[in-house]
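Residue-level structure breakdown
Now for the letters of each chain:
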Amino acid sequence: MNRTSMLRSVADAQDPWDFVVIGGGATGVGVAVDAASRGYRVLLLEQSDFGKGTSSRSTKLVHGGVRYLQQGNIPLVMDALRERGRMRRNAPHLVHDLEFVVPNYSWWEAPFYGIGMKVYDALAGKYGFGSSHNLSREETVERLPTIETDGLRGGVVYHDGQFDDARLLLDLARTAAGQGATLLNYCRVTALEKDGEGYVCGVHAVDEEEGTKLSVSARVVVNATGVFTDDIRRMDDPAVKGMIRPSQGVHLVLPRRFLGGTSAIMVPHTDDGRVLFAIPWHEVVVVGTTDTPVEEPDLEPLPLAEEVDFLLTHAARYLTEDPGPSDVLSCFAGLRPLVGGEEDGDTSSLSRDHTLQVSSSGLLTLTGGKWTTYRKMAEDAVDHGIVLGGLEPQECVTQELNIHGFHSHPERFGELRFFGSDAPAVEALIRSVPTYGDRIHPRLRPRIGEAVWAAREEMARTVDDVLARRTRSLVLDARAAAEAAPAVAKVLAAELDRDGGWIEAQIESFSRIAEGYVLR
Ligand SMILES: Cc1cc2nc3c(=O)[nH]c(=O)nc-3n(C[C@H](O)[C@H](O)[C@H](O)COP(=O)(O)OP(=O)(O)OC[C@H]3O[C@@H](n4cnc5c(N)ncnc54)[C@H](O)[C@@H]3O)c2cc1C
């Protein structure tokens, strides 16, 4: 993926695009992959970086959703379990099976959750990961050496999927590009274009790097802007009633010593009825999440003090060592684009199903849902878009489409396994210049060569692109990431032909972002 050639293909386009997709999160990039792989001409415009919004801030689970099973939403769970299986099949380098343990402290929990998990297994059918079973107290401690043993009676094991959300998003963007789509980051849609009869027939956008304006024509315009969905809908109809209720979820990142072993903890019912996870991920533990309604969408939402307190208090209840603020390596917040409900109601009960809406002027809005169901959401949207745009119908092919980087044995590539089939090329690049083998920071795994790769192959344009999403450094250790910024800025400047002023501005801007991930 190269931004200059992507811009050129926009400038050279003579005919209207079949699909113009607004938004480069899981929803929009999923649509781009689906439509491009059916042979349609696709342009995707993202105002910031791919995955800058909610799609890099999830709990990193590819799951049916045990919580939705509790809510009795069986079709949602079944759809998601099927998609979970497909995601692992199509991107084995980034999606894998993870064992979860529900620790039991009351007599009724073993039969209750034991039966519930058997239902979960049954709903997965042939897409099942591993089967669930009950554990004795000793077996539970064996799997979770740091679990609070006071009052512990046993546990229930079940299986779900885990992934690296931002890395999968980038590989989906590369899949779409490989199928012929044009994708631009840092290109914000500012207005919709309508024809003489009032139908949406294109968009106006601004290239945020150069400040230049773009106008593109489209047969179908897809609004896939997550929590910003209503902003685009109001470009179509300023009087339209808002449909999105953003809900913030916060995660704390702790050192691995807090959760020994390789299993995750799932607490099905916290004090306020939420589900809480403590999950081993890369070399850390991710604890989350919360569900707090917020008024205004933001690309860099900030955790609230009460959310942090809630997570620390509950983590302390289930772990032998009580984590304190100084143990937190990073704290990140994301906004769920939940649809509907009463203005001041509780967001945790709002549906996680997706919503597809066509406005009277033909704007196709796709929102809600979950990362796990991105492929199914895209298939639905493109099926509708074909009718809406009067396009020659083509069958969806994404059920078994390998995602960029697909490799059946990524573990062969050691610390570069997340690159999948790209790993040998990344390794060759790292070896090509002695300094490329240096780590970006003593406490962070990635090497300088990976920042070079990000700029050359993954359209990274800023220090934040490299540290937050291409390497995940910001969410793994925010202080170390801030300290790595000067080295990364220097490498990027050489790749992108930028000067000293740009380096200074990048370091300052990233330091400000990283501040929001550090607990004081
Ligand atoms: C805390 C939390 C935990 C979650 N955990 C999980 C999980 O474990 N598993 C799971 O399956 N799901 C999970 N989800 C849900 C999942 O992350 C979301 O459903 C999904 O990421 C939404 O993707 P999206 O593309 O719709 O939104 P986003 O990722 O926010 O993408 C929308 C994009 O639109 C862009 N945009 C906005 N306006 C414009 C414009 N004018 N021009 C161009 N671009 C624009 C934004 O910059 C943004 O990048 C979680 C969500 C949260 C908040």
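Everything below is about the structure shown above.
For the structure on display, the rule yields 11 aromatic pairs. Ring plane angle 85° and centroid distance 5.9 Å describe the contact between Tyr120 and Tyr158, whose orientation is recorded as edge-to-face. Of this pair, Tyr120 sits in helix H5 (residues 109-124) while Tyr158 is found in strand S6 (residues 154-163), placing the two residues 38 residues apart along the sequence. Exposure remark for Tyr158: the relative accessible area of 0% places this residue in the buried category. Centroid distance Phe163 to Trp371: 5.1 Å. Interplanar angle 80°. Geometry classified as edge-to-face.

Geometrically, the link from Gly288 to Thr289 is a cis peptide bond, its omega value of 10° lying close to zero. The topology assignment puts Thr289 in the loop between strand S14 (284-288) and strand S15 (292-293). Non-glycine residue Lys60 carries a positive phi angle of around 70°. Within the element layout of this structure, Lys60 appears in the loop between strand S2 (42-45) and strand S3 (61-62). With a phi close to 60°, Asp497 is a non-glycine residue in the positive phi region. Relative to the helices and strands, Asp497 is located in the loop between helix H15 (478-496) and helix H16 (500-515). Judged by relative accessible area, Asp497 falls into the exposed class, the value being 70%.

Helix length check: helix H7 (residues 165-178), at 14 residues, gives a terminal C-alpha distance of 20 Å against a target of 20 Å (1.5 Å per residue), a fit within 8%. The element H7 is extensively covered by neighbouring structure, given that 12 of its 14 residues are classed as buried. Taken as a whole, H7 has its buried residues at Asp165, Ala166, Arg167, Leu168, Leu169, Leu170, Asp171, Leu172, Ala173, Arg174, Thr175 and Ala176. At the N-terminal end of H7, a side-chain oxygen is found 3.4 Å from the backbone nitrogen of Ala166, two or three residues along, and the residue is Asp164. Just beyond H7, the residue with positive phi is Gly180, at close to 105°.

About the thresholds
- All residue numbers refer to positions counted from 1 along the written sequence of the respective chain.
- A pLDDT threshold of at least 70 governs which residues receive local features in this predicted model, and a stricter bar of 80 or more applies before side-chain atom pairs are shown or counted, although totals over entire chains, interfaces and linings include all residues.
- Working from all heavy atoms in the structure, the side-chain values ignore hydrogens and water.
- Each Phe, Tyr or Trp ring (for Trp, its six-membered ring) is paired with any other whose centre lies within 6.5 Å, and the angle between the two planes then decides the class: stacked below 30 degrees, edge-to-face above 60, tilted in between.
- Secondary structure elements are defined from DSSP: runs of H or I of at least 4 residues count as helices, runs of E of at least 2 residues count as strands, and each element is numbered from the N terminus.
- Remark: exposure states derive from per-residue accessible area (1.4 Å probe, protein chains only) relative to the maximum for the residue type, with buried under 20%, exposed over 50%, and partly exposed in between.
- Expected span of a helix, by definition, is 1.5 Å for each gap between consecutive residues, and there is one gap fewer than residues.
- Pairs of N or O atoms are called polar contacts if they sit within 3.5 Å, as long as, within protein, a hydrogen donor faces a hydrogen acceptor (for residues adjacent in sequence, only side-chain-to-side-chain pairs).

The values reported here are purely geometric and, on their own, carry no functional implication.
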